[in-house]
Protein chains: 2
Amino acid sequence: MENFNFYSPTEFVFGKNRENEVGALVKKHGGSRVLIHFGRGSAVKSGLLERVEKSLDEAGVYHVELGGVHPNPLDSKVYEGIDLCRKENIDFILAVGGGSSIDSAKAIALGVLYDGDFWDFYSGKANPSAALPVGTVLTIAAAGSEGSGDSVITKESGMLKRGTGGDCLRPRFSVLNPALTCTLPAYQTACGATDIMAHVFERYFTNTPEVEITDRLCEAVLCTMVKETPRVIADPCNYEARANIMWAGMVAHNNIVGVGRSQDWNSHAIEHELSAKYDCAHGAGLAVIMPAWMEYVMDHNVMRFCQMATRVFGCAMNFENPSETARAGINAFRRFLKGIGMPVNFAELGAKEEDIPEMVEKMAPGKGWGFKPLNAEDVTKVYELAARACV
Amino acid sequence: MENFNFYSPTEFVFGKNRENEVGALVKKHGGSRVLIHFGRGSAVKSGLLERVEKSLDEAGVYHVELGGVHPNPLDSKVYEGIDLCRKENIDFILAVGGGSSIDSAKAIALGVLYDGDFWDFYSGKANPSAALPVGTVLTIAAAGSEGSGDSVITKESGMLKRGTGGDCLRPRFSVLNPALTCTLPAYQTACGATDIMAHVFERYFTNTPEVEITDRLCEAVLCTMVKETPRVIADPCNYEARANIMWAGMVAHNNIVGVGRSQDWNSHAIEHELSAKYDCAHGAGLAVIMPAWMEYVMDHNVMRFCQMATRVFGCAMNFENPSETARAGINAFRRFLKGIGMPVNFAELGAKEEDIPEMVEKMAPGKGWGFKPLNAEDVTKVYELAARACV
């Protein structure tokens, strides 16, 4: 096991009606002038925003609103937020929504305290060390941003999708009410589930030996998703299944399932080019990319894929021909994705094979990291496998 | 799933040689005058205390020492620590050792800021709301106190062993270097492993339905312990196995495997009377009590014991007679404990069946909580099963 630090200081407030505590939570965590940051209207329509505002009012906390965050959050909204925070002397940012609203809130929180262009943190010019405190009221189980120190923003000029991270970006508190996710359409629910599973797989496929505890924790989340996701697709109002998925989404990405080991994240980087180019949902892009990536890198460590196949998807181990078991696991994953309504190839996603060279160039692979380091040729092959995949 | 709060703000600093960062960590977390609190000499003999002091000196942090904590930490040492902290204007307590040193440090941290008798927190007269900050350098994987808000102290007068808990008692940081545990004798290693597994089982046996994610996380820790414990018993210097166990011990008890569900803790309460009376190791007492408790309550929810048997101990499910599978799981657990050198009955522990009425009276059961509420008669039967158990 490699040396590591694990620090997840977020206060998680989980369950029915917990959004009504948000005013008290903001005060407890030092906020007095709040920017409420949200998406494109569902929080307004559902009445959630009103309940949040009422709770803040009751706690005597001043607040201003900034809605309209795009599903792949854009730099333009971040600049708007930074200006508003400075003008209003905001000292706490409350994201109400999914990963997009939270990631955008984190970018604003960074930018307000920074003299230069906030994009410096995303282009790699600067490392996050200070940010306004952020709290969240989560409405989609997917990104895990409610428990992570990560943020991904898309720069409109050139449609560059880039991420940053640091402990100062971990939310002070996150309110997770599974009931808020019951109205989510099946497609978005499935995209979220795929993202959660991808966050685990990116950590599961490691070159660090003998990390049984994190392996098993990874498998715990994956088994939960395999069981619970089809249940919510069939029965969207199943609170118990929604609750298991929502908490699994946090566990998948606050890094408790990833410490002490090398991680991969190539699939995420490869997918980011898809969602940047076609503005598709990140989870849908991952459903197309992740199994293709698995097929491409499988021979790097067949036994690890056998472990996934047997422990997560219940495949029988073929001791005479482990590669068959490994392939059976990948096929089971793709069937699972198809079964919850996810696309499995470019056509189903709305992507085009002729755009592959452009995406490879933009991604600029070749940094040599991950489970199996991939150069431009490798990434091209992953895209090609993804383009033509079928169940 | 039940509503819950989860808050584990401890900074975990894990791996080889990390104790050399302790000076910087104390400063980062606001300490300037430190009480180093430790046990009965092993930290001195191994040179660990010297390295810790050196690190504090290099960081310019003032420190005084208080050693001699008993394996079942006593109130007398806590009073001594409170006096010393007040005299020396201590603002940070650093526990170097296992659960005993950490629990004693937490009790001192509570007592220094409290006007009355610190025992009020342990007798139930007061609830912890403020304490001096505590940091830890862990030397035994067992109690999980390095990541929990819990503390258990024994009052010498009457040998009352009682616990308290609160978020203010969660350590600010915990240094976990698995190499420090490699010199631990096999018996203490096995006691620690048993304690870790018991912390999970107390959460696993729940009456809350549909908590797949926490079930799976529980099983992740249990499977890890089943794999790794025999490896360190056979090969004490196996760093990788030690590392998996050490991190599993934290995960087992910071409550990430217990949120959203009712818990039990009857086995711990029943065991506390054993270790209070015979001064045996807590883990050894649990090895005798826990399987007996399982046998006694098994019929309350046979399928839950089948889940444990199949998922943790790899038993085949007997669909015609699930009780057989449940019993096979409990037997597998007891064989596992015997295999790592743990006692499985009163004689092997050094306890006496004729003392059962006295222990039942002292424990004063009948509060009606847990997986299956137990009255005095029930507890008597658990002790009797434990007294006469064999593999």
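Residues numbered from 1 in each chain as written. Chains lettered and ligands numbered in written order. Predicted model: local features only at pLDDT ≥ 70, side-chain atom pairs only at ≥ 80, totals over all residues. Heavy atoms only, no water.

Describe the interface of chain B and chain A, and please don't skip the residues or the numbers.
Taken together, the contacts link 39 residues of chain B with 39 residues of chain A. Carbon and sulfur atoms supply 57% of the area buried between chain B and chain A, which totals about 3,600 Å² over both sides. Of the charged contacts, one joins lysine 227 of chain A and glutamate 212 of chain B as a salt bridge, the two residues approaching to 3.2 Å between their closest N and O atoms. The interface formed by chain B and chain A includes 22 residue pairs in polar contact (both at pLDDT 80 or more). Class assignment for the residues of the side of chain B that touches chain A results in 22 nonpolar, seven polar and ten charged. The sheet contact formed by strand β1 (residues 4-14) of chain A and strand β1 (residues 4-14) of chain B spans nine bridges and is antiparallel. Within β1 of chain B, the residue paired with phenylalanine 14 of chain A across the bridge is phenylalanine 4 of chain B. (Contact = heavy atoms within 4.5 Å. Buried area = accessible area lost by both parts, 1.4 Å probe. Salt bridge = Lys/Arg side-chain N within 4 Å of Asp/Glu carboxyl O. Polar contact = N/O pair within 3.5 Å; in protein donor to acceptor, adjacent residues only side chain to side chain. Nonpolar A, V, L, I, M, F, W, Y, C, P; charged D, E, K, R; others polar. Pairing = 2+ DSSP bridges. Helix = DSSP H or I, 4+ residues; strand = E, 2+ residues; numbered from the N terminus.)

Would you mind going over the packing of aromatic side chains in detail, with residue names and values included?
Scanning all chains against the criterion turns up 44 aromatic pairs over all chains. Between phenylalanine 14 of chain A and phenylalanine 4 of chain B the ring centres are 4.6 Å apart and the planes differ by 10 degrees, which places this aromatic pair in the stacked class. Of the two residues, phenylalanine 14 of chain A sits in strand β1 while phenylalanine 4 of chain B sits in strand β1, which places them in two different chains. Residue class for phenylalanine 14 of chain A comes out buried when judged on its relative accessible area of 1%. Centroid distance phenylalanine 118 of chain B to tryptophan 119 of chain B: 6.1 Å. Interplanar angle 85 degrees. Geometry classified as edge-to-face. (Phe/Tyr/Trp six-rings, centres within 6.5 Å; stacked < 30°, edge-to-face > 60°. Buried < 20%, exposed > 50% of the residue type's maximum accessible area, 1.4 Å probe, protein only.)

Report on the nonpolar core, specifying residues and quantitative values.
Counting residues in hydrophobic clusters, the biggest one holds 225 residues, and the most contacted among them are Phe201 and Trp247 of chain A together with Phe201 and Trp247 of chain B. The contact partners of tryptophan 247 of chain A, leaving out residues within four places of it in the chain, are Phe12, Phe14 and Leu176 of chain A together with Phe4, Phe6, Ile213, Ile256 and Val259 of chain B. (Core = buried A, V, L, I, M, F, W, Y, C linked by side-chain atoms within 4.5 Å.)

Now, about the sheet that holds β1 of chain A: what can you tell me, with residues and values included?
Within the open sheet, the twelve strands sit side by side as β3(A)-β2(A)-β4(A)-β5(A)-β8(A)-β1(A)-β1(B)-β8(B)-β5(B)-β4(B)-β2(B)-β3(B). Their pairing is mixed. If you trace the sheet from one side to the other, it starts and ends with β3 (62-66) of chain A together with β3 (62-66) of chain B, each paired once. Looking at each pair of strands side by side, their axes are set apart by 25 degrees on average, direction ignored. Where strand β2 (residues 33-38) of chain A meets strand β4 (residues 92-97) of chain A, five bridges bridge the pair, whose relative direction is parallel. Within β4 of chain A, the residue paired with valine 34 of chain A across the bridge is phenylalanine 92 of chain A. (Axes fitted to C-alpha atoms, helices over the stretch in contact; angles between N-to-C directions.)

Talk me through the relation of the copies chain B and chain A; I want residue IDs and the actual numbers.
The transform that puts chain B on chain A rotates by 180 degrees and translates by 0.0 Å along the axis, for an RMSD of 0.0 Å. In the structure described here, the two chain copies are related by an operation that fits a two-fold rotation axis. Nearest to the rotation axis, the C-alpha of proline 9 of chain B is located 1.9 Å from it, this being the minimum over chain B. Interface overlap between copies is the fraction of interface residues in one copy that are interface residues in the other; for chain B against chain A it reaches 100%, indicating a shared surface. (Least-squares fit on C-alpha atoms with pLDDT ≥ 70 in both.)

So what's going on with the pattern of salt bridges? Residues and values would help.
Counted under the stated rule, the structure contains 44 salt bridges over all chains. Glutamate 353 of chain A is the partner of arginine 388 of chain A in a salt bridge, and the nearest nitrogen-oxygen pair spans 2.5 Å. A residue pair is termed long-range when its members are at least 10 positions apart, and arginine 388 of chain A in helix α16 (residues 376-388) and glutamate 353 of chain A in the loop between α14 (346-349) and α15 (356-363) qualify at 35 residues. If you follow the salt bridges from partner to partner, you end up with Glu210, Glu212, Arg216, Glu219 and Arg311 of chain A together with Lys227, Glu228 and Arg231 of chain B in one network.

Tell me about helix α8 (residues 212-234) of chain B, residues and numbers included.
All names here are of chain B. For α8, built from 23 residues, the straight-helix expectation of 33 Å at 1.5 Å per residue is met to within 8% by its first-to-last C-alpha distance of 34 Å. Of all the bends in α8, the greatest reaches close to 25 degrees and is centred on glutamate 228; the proline proline 230 follows between one and four positions later. Counting buried residues along α8, 17 of its 23 residues qualify, which places the element largely inside the surrounding structure. (Expected span 1.5 Å × (residues − 1). Bend = angle between axes of the 7 residues up to and from the residue.)

Any details on the state of the cysteines? Residues and values, ideally.
Here is the idea: a disulfide is a covalent bond, and it sits between the sulfur atoms of two cysteines. Residues and elements named next belong to chain A. Counting across every chain of the model gives zero disulfides over all chains. We note that cysteine 182 lacks a disulfide partner, and the nearest cysteine sulfur, in cysteine 237, lies 5.1 Å from it. Given the relative accessible area of 13%, cysteine 182 is considered buried. (Disulfide = S-S within 2.5 Å.)

Requested: an account of the confidence of the model for chain A, with residues and values cited.
Reading predicted coordinates in detail is not appropriate for stretches of low pLDDT. Overall, the prediction assigns chain A a mean pLDDT of 96, with 99% of residues at 70 or greater. Confidence estimates for the predicted assembly give a pTM of 0.97 and an ipTM of 0.96. (pLDDT = per-residue confidence, 0-100.)

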